[in-house]
Amino acid sequence: MQNQDISVKEIDETRQGEALEMVAKGGSGKKLYIESYGCAMNFSDSEIVASVLIDEGFETTKVMEEADVIFVNTCAIRDNAEQRVRGRLDQFRKVKKSKPDMVIGVMGCMAERLKSKLLEEEKLVDIVVGPDSYRDLPNLVRVAESGQKAVNVLLSREETYADINPVRLGGNGVSAFVSITRGCDNMCSFCVVPFTRGRERSRDPESIVAECTQLLANGYKEVTLLGQNVDSYLWGGGGLKKDIIARGDLTGTVSFAELLIMVAKISPELRVRFSTSHPKDMHDDVLYAMAEYHNICSYIHLPVQSGSTRLLELMNRGYSREWYFERMAKIKEIVPNCGLSTDIITGFCTETEEDHQDTLSLMQEVGFDFAYMFKYSERPGTAAAKKMEDDIPEEIKQRRLAEVIEIQAKNSHESNKKDLGKTFEVLVEGTSKKSEEMLQGRNPQNKVIVFPKENFKKGDYVNVLVTDCTSATLLGTAVK
Ligand code: SF4
């Protein structure tokens, strides 16, 4: 996941920088303002942070100027993600001028990547806290309020925040993220995530089922199980995962497919999605679980990154072009109507025109419904940055990205055209952005469908006949 590709469920631009609002518990009444950037894992973490500080009596505000404490949850996946945060810090600086006691904190992957160096580079910052240290926030805030700088960027092999009940923030009240793993053991050579989120650990399945059951009771109709690489989820069995797998005895363990079924069995009313999958670890038992349980949505986000086996080896992705096609064939065999999306990086070190053509031809052959597409951005500390030269000129990276985006736009539109005349079960997420008279939701394949409101409302399941489409959206009418 989330590599150059922010794969964990990409949070759309409209939510980047979202400020959070929550119900306050009695207490210090100090005001907390949190701004989140990056992937779904970060948005999910901000809900953990909110819960930790509300337990300390904080109230929250969406008005930065009202805040006593400001936290920005950051992404380090590409350089421009970090530049964006530095831009926000400039805004905070202006506000702090009128409120000198205000405490400014930076959390998330950029905090973990830069550690106390961030305090030197950004004098405004009082707290630097990494993704595994959010339990320590009450203490860090107290230190900062006493006028000192506070840093905690310790990474953990155990921490999953399983016992912390996230406070649901922003979002649509219908669909919620539930993290199932933290960290990543894959060392894709371009990716900073293993350095900013640490070693992979799986969360207790009972706590995941409890959180999903609570969400359903609170009116949510969909959960997205989150992890950098959900396919390598493995709980229990005593000892380290690699030893369990090495010994081949999975007694007492819970695999990802088994976890999916545990969550699907909560209620047929609760839709189950997951992100992000990994081609080398995605086993058929996950596909059979999707085929058996109607409420496990038939949609898979499977980052390929490149269509060239030579580049996939340099990226240390752990699979070849042929392996990826074999996985695609299995998906189409076991879950025939499965929606498919992916991640593509153009301009990775030593990428030739031939490698690039391999990527284009793979996209053509698979026909993804959707893709996240980026130019390679060298990240300090990664294997690629240490061992490979970032040798593809910017204009070539840009030209290749444009060609990838062009093919995907055609494929997305072709894929939507194939849905004309079909009826899908849509979970309504709210009114459409364009008209109060229209509702929008997604079908099991994760495609957005817009249709006239009639008497339907948010949270309803509605059968919608597709009558028209664009490359991004399906349009339709409700049918019985
Ligand atoms: S190391 Fe690879 S699998 Fe892990 S988050 Fe990064 S890109 Fe995804």
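Calculation criteria
Residues numbered from 1 in each chain as written. Predicted model: local features only at pLDDT ≥ 70, side-chain atom pairs only at ≥ 80, totals over all residues. Heavy atoms only, no water. Domains from an automatic or database assignment. Buried area = accessible area lost by both parts, 1.4 Å probe. Salt bridge = Lys/Arg side-chain N within 4 Å of Asp/Glu carboxyl O. Polar contact = N/O pair within 3.5 Å; in protein donor to acceptor, adjacent residues only side chain to side chain. Helix = DSSP H or I, 4+ residues; strand = E, 2+ residues; numbered from the N terminus. Nonpolar A, V, L, I, M, F, W, Y, C, P; charged D, E, K, R; others polar. Pairing = 2+ DSSP bridges. Axes fitted to C-alpha atoms, helices over the stretch in contact; angles between N-to-C directions. Contact = heavy atoms within 4.5 Å. Expected span 1.5 Å × (residues − 1). Buried < 20%, exposed > 50% of the residue type's maximum accessible area, 1.4 Å probe, protein only. Parallel < 35°, antiparallel > 145°, perpendicular 65-115°, else oblique. Disulfide = S-S within 2.5 Å. Core = buried A, V, L, I, M, F, W, Y, C linked by side-chain atoms within 4.5 Å.

Peer 1: Report on the domain arrangement of the protein, specifying residues and quantitative values.
Peer 2: Its domain assignment divides the protein into domain 1 (13–152), domain 2 (175–417) and domain 3 (423–478). Each of domain 1 and domain 2 was reduced to a C-alpha centroid, and the two centroids are 29 Å apart. Of the roughly 1,600 Å² buried between domain 1 and domain 2, counting both surfaces, carbon and sulfur atoms make up 55%. Summed over the shared surface of domain 1 and domain 2, the result is five salt bridges. Among the ionic pairs, Glu82 bridges to Arg379, the shortest N-O distance being 3.1 Å. The interface formed by domain 1 and domain 2 holds eight residue pairs in polar contact (both at pLDDT 80 or more) in total. Counting residues per element, the ones that place at least two in the side of domain 1 that touches domain 2 are helix H1 (40–54), helix H2 (79–98) and helix H3 (109–114). Tallying contributions element by element places H1 first for the side of domain 1 that touches domain 2, with five residues. Looking at the side of domain 1 that touches domain 2, its residues break down into six nonpolar, two polar and eight charged.

Peer 1: Break down the sheet that holds strand S18 (residues 423–431) for me, with residues and values.
Peer 2: Read around the closed barrel, five strands run S18-S19-S20-S22-S21, paired in mixed fashion. Across the sheet, the axes of successive neighbouring strands diverge by a mean angle of 50 degrees, strand direction being ignored. Across two bridges, the pairing between strand S20 (residues 448–452) and strand S22 (residues 474–478) is parallel. By the bridge assignment for S22, Ile449 is matched with Leu474.

Peer 1: Describe the sheet that holds strand S8 (residues 175–179), with residues and values.
Peer 2: The three strands lie next to each other as S8-S11-S14, forming an open sheet whose pairing is parallel. Each edge of the open sheet is held by one strand with a lone partner, namely S8 and strand S14 (271–275). Each neighbouring strand pair of the sheet contributes to a mean axis angle of 25 degrees, computed without reference to strand direction. Contacts from H1 reach S8 and strand S11 (222–226) within the one sheet, and its direction differs from that of S8 by about 90 degrees.

Peer 1: Explain helix H15 (residues 394–417) to me, and be specific about the residues and the numbers.
Peer 2: For H15, built from 24 residues, the straight-helix expectation of 34 Å at 1.5 Å per residue is met to within 8% by its first-to-last C-alpha distance of 35 Å. For H15, every residue scored as buried is listed here: Lys397, Arg400, Leu401, Val404, Ile407, Gln408, Asn411, Ser412, Ser415 and Asn416. Of the surrounding secondary structure, the elements contacted by the buried residues of H15 are strand S16 (339–346), helix H13 (353–366), strand S17 (370–375), strand S21 (461–469) and S22.

Peer 1: If you had to explain the side chain of Ser36 to someone new, which residues and values would you point to?
Peer 2: Mapped onto the secondary structure, Ser36 falls in strand S2 (residues 31–36). Residue classification places Ser36 among the buried residues on the basis of a relative accessible area of 1%.

Peer 1: Before we move on, can you summarise the packing of H13 against H15 with the specific residues and values?
Peer 2: Remark: H13 packs on H15, axes separated minimally by 10 Å, with the N-to-C direction vectors making an angle of 10 degrees. Comparing their axes, H15 and H13 come out roughly parallel. Across the interface between the two elements, Glu353, His356, Leu360, Met363 and Gln364 of H13 pack against Arg399, Arg400, Glu403, Val404, Ile407, Gln408 and Asn411 of H15. Looking at the contact of H13 with H15, its residues break down into four nonpolar, four polar and four charged.

Peer 1: Residue-level account of the environment of Glu66, with values.
Peer 2: If you trace the backbone, Glu66 turns up in the loop between strand S3 (59–60) and strand S4 (69–74). Take Glu66: its relative accessible area is 37%, and that puts it in the partly exposed class. Put simply, Glu66 and Glu269 are 203 residues apart on the chain and 40 Å apart in space, counted from C-alpha to C-alpha. Not counting residues within four places of it along the chain, the set of residues in contact with Glu66 comprises Lys31, Thr61 and Lys99.

Peer 1: Residues and numbers for the state of the cysteines, please.
Peer 2: The term disulfide refers to a covalent linkage connecting the sulfur atoms of a pair of cysteines. By the definition in use, this model includes zero disulfides. Here Cys39 stays unpaired: no disulfide links it, and the sulfur of Cys75, its closest cysteine neighbor, is 6.5 Å away. Cys338 provides the cysteine sulfur closest to Cys297, a residue in no disulfide bond, and the two sulfurs are 10.0 Å apart.

Peer 1: Outline the pattern of salt bridges, supporting the account with residue identities and numerical values.
Peer 2: Taken as a whole and assessed by the stated rule, the structure comprises 46 salt bridges. Close ionic contact of Arg399 with Glu403 constitutes a salt bridge, the shortest N to O distance being 3.2 Å. Of the two residues, Arg399 and Glu403 both sit in helix H15, four residues apart, roughly one turn of that helix. Residue Glu403 is classed as partly exposed on the basis of its relative accessible area of 24%. One continuous salt-bridge network, built from bridges that share partners, spans Arg86, Asp90, Arg93, Lys117, Glu121 and Glu122.

Peer 1: I'd like a description of the nonpolar core, backed by residues and values.
Peer 2: Across soluble globular proteins, nonpolar side chains show a tendency to be buried alongside one another. Grouped together as the largest cluster of nonpolar side chains are 72 residues, with contacts concentrated most on Leu225, Phe256, Phe274 and Ile300. Sorting elements by how many residues they give to this core places helix H9 (residues 256–264) first, with six residues. A domain-level breakdown of this core finds at least three residues from each of domain 1 (13–152) and domain 2 (175–417). In contact with Ile300, not counting residues within four places along its chain, are Phe274, Ser277, Met282, Leu287, Met290, Ile331, Cys338, Gly339, Leu340 and Ser341. Residues Ile34, Val49, Leu137 and Val141 belong to the second largest nonpolar core, which totals 23 residues.

Peer 1: A description of the environment of Ile407 should follow, citing residues and the corresponding values.
Peer 2: Note on placement: Ile407 falls in helix H15. With a relative accessible area of 14%, Ile407 lands in the buried category. In contact with Ile407, not counting residues within four places along its chain, are Leu360, Met363 and Gln364.

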